[in-house]
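Fold and geometry: a report
Here is what each chain is made of, one letter per residue.
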Amino acid sequence: MYPWLVFIHSVSAMASIGPFFILIPLLRKLQSSEGEVLEAYLASFTFAVRLSKHSGHVLVASGLLLMWLGGWPWSTPWIFGTFVVLFASLFFMARAFSPTIRRLRQPDQDRSALLRKLSRALYLYLAVLFLMLWLMIMKPALW
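Structural notes, computed from the coordinates. (Residues numbered from 1 in each chain as written. Predicted model: local features only at pLDDT ≥ 70, side-chain atom pairs only at ≥ 80, totals over all residues. Heavy atoms only, no water.)

**A few points about the overall build of the protein**
- When you go through the protein residue by residue, the secondary structure sums to 5 helices and 0 strands.
- Along its sequence from the N terminus, the protein presents helices and strands in the succession α-α-α-α-α.
- Its C-alpha atoms give the protein principal-axis dimensions of roughly 55 × 30 × 20 Å.
- Within the span of the protein, comprising 143 residues, buried residues form 39% of the whole.
- The contacts in the protein between residues at least 6 apart in sequence include a share of 74% that link residues at least 24 apart.
- When the accessible surface of the protein is totalled, it reaches about 8,800 Å², and 70% of it is carbon and sulfur. (Helix = DSSP H or I, 4+ residues; strand = E, 2+ residues; numbered from the N terminus. Buried < 20%, exposed > 50% of the residue type's maximum accessible area, 1.4 Å probe, protein only. Contact = heavy atoms within 4.5 Å. Areas by Shrake-Rupley, 256 points an atom, 1.4 Å probe, with all protein chains shown as cover.)

**Some remarks on the pattern of salt bridges**
- In the structure shown here, the tally under the stated rule is 2 salt bridges.
- Between Arg111 and Glu34 there is a salt bridge, and its shortest N-O distance comes to 3.3 Å. Taken together, the residues Arg111 in helix H5 (residues 111–138) and Glu34 in the loop between helix H1 (2–32) and helix H2 (35–70) connect sequence positions 77 residues apart.
- Under the relative-accessibility criterion, Glu34 is labelled exposed at 55%.
- Here Arg105 makes a salt bridge to Glu39, at a shortest N to O gap of 2.9 Å. Residue Arg105 is located in helix H4 (residues 98–105), and its partner Glu39 is located in helix H2; the two are separated by 66 residues in the primary sequence.
- Of the residues examined, Arg105 reaches a relative accessible area of 37% and is grouped as partly exposed. (Salt bridge = Lys/Arg side-chain N within 4 Å of Asp/Glu carboxyl O.)

**Observations regarding the packing of aromatic side chains**
- Within this structure, the stated rule accounts for 9 aromatic pairs.
- Taken together, a centroid distance of 5.6 Å and an interplanar angle of 35 degrees make the contact between Phe20 and Phe97 tilted. Pair noted here: Phe20 is in helix H1 and Phe97 is in the loop between helix H3 (77–96) and H4, with a separation of 77 residues, a long-range link. Judged on exposure class, the residue Phe20 and its partner Phe97 are both buried.
- On the basis of an interplanar angle of 65 degrees and a centroid distance of 5.2 Å, the ring pair of Phe20 and Tyr125 is categorised as edge-to-face. Placement of the pair is Phe20 in helix H1 and Tyr125 in helix H5, with a sequence separation of 105 residues. (Phe/Tyr/Trp six-rings, centres within 6.5 Å; stacked < 30°, edge-to-face > 60°.)

**Comments concerning the packing of H1 against H5**
- Remark: H1 packs on H5, axes separated minimally by 10 Å, with the N-to-C direction vectors making an angle of 160 degrees. The angle between the axes of H1 and H5 places the two elements in the roughly antiparallel class. Pair H1 / H5 crosses with left-handed handedness.
- Here the residues of the contact of H1 with H5 are counted per class, giving 17 nonpolar, 6 polar and 1 charged. (Axes fitted to C-alpha atoms, helices over the stretch in contact; angles between N-to-C directions. Parallel < 35°, antiparallel > 145°, perpendicular 65-115°, else oblique. Left-handed = near helix turned anticlockwise from the far one by under 90°. Nonpolar A, V, L, I, M, F, W, Y, C, P; charged D, E, K, R; others polar.)

Shown next, in the form of structure tokens:
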């Protein structure tokens, strides 16, 4: 069962990070699109964020099962560090994407400023995801 959990954990990590790479070229298209095309791009953005969020649920659940079955204690530096970054990223993700996307759907908004904010959030969140991925793969002895 443990190897299957590792597989599920790995696939859910890919599904949590992967959709954000699709959004990078989409940011440029959001700048000049209007009407139904804009709405389609925003719907794609929303879908990618939701997919990442729900994949993250599987990622955390499988990680907790792997900890339990593998006998990893909470005090293990890379596990503790990953959970600290994870909880910080939850607050960030809740405020970074959905409110900005909602504002982009409203008329008479400064689209350039909102897209800069969305772009900054996207790259920052990718950095946070890669930090968690690094902690899980490299398993550094932080203390």
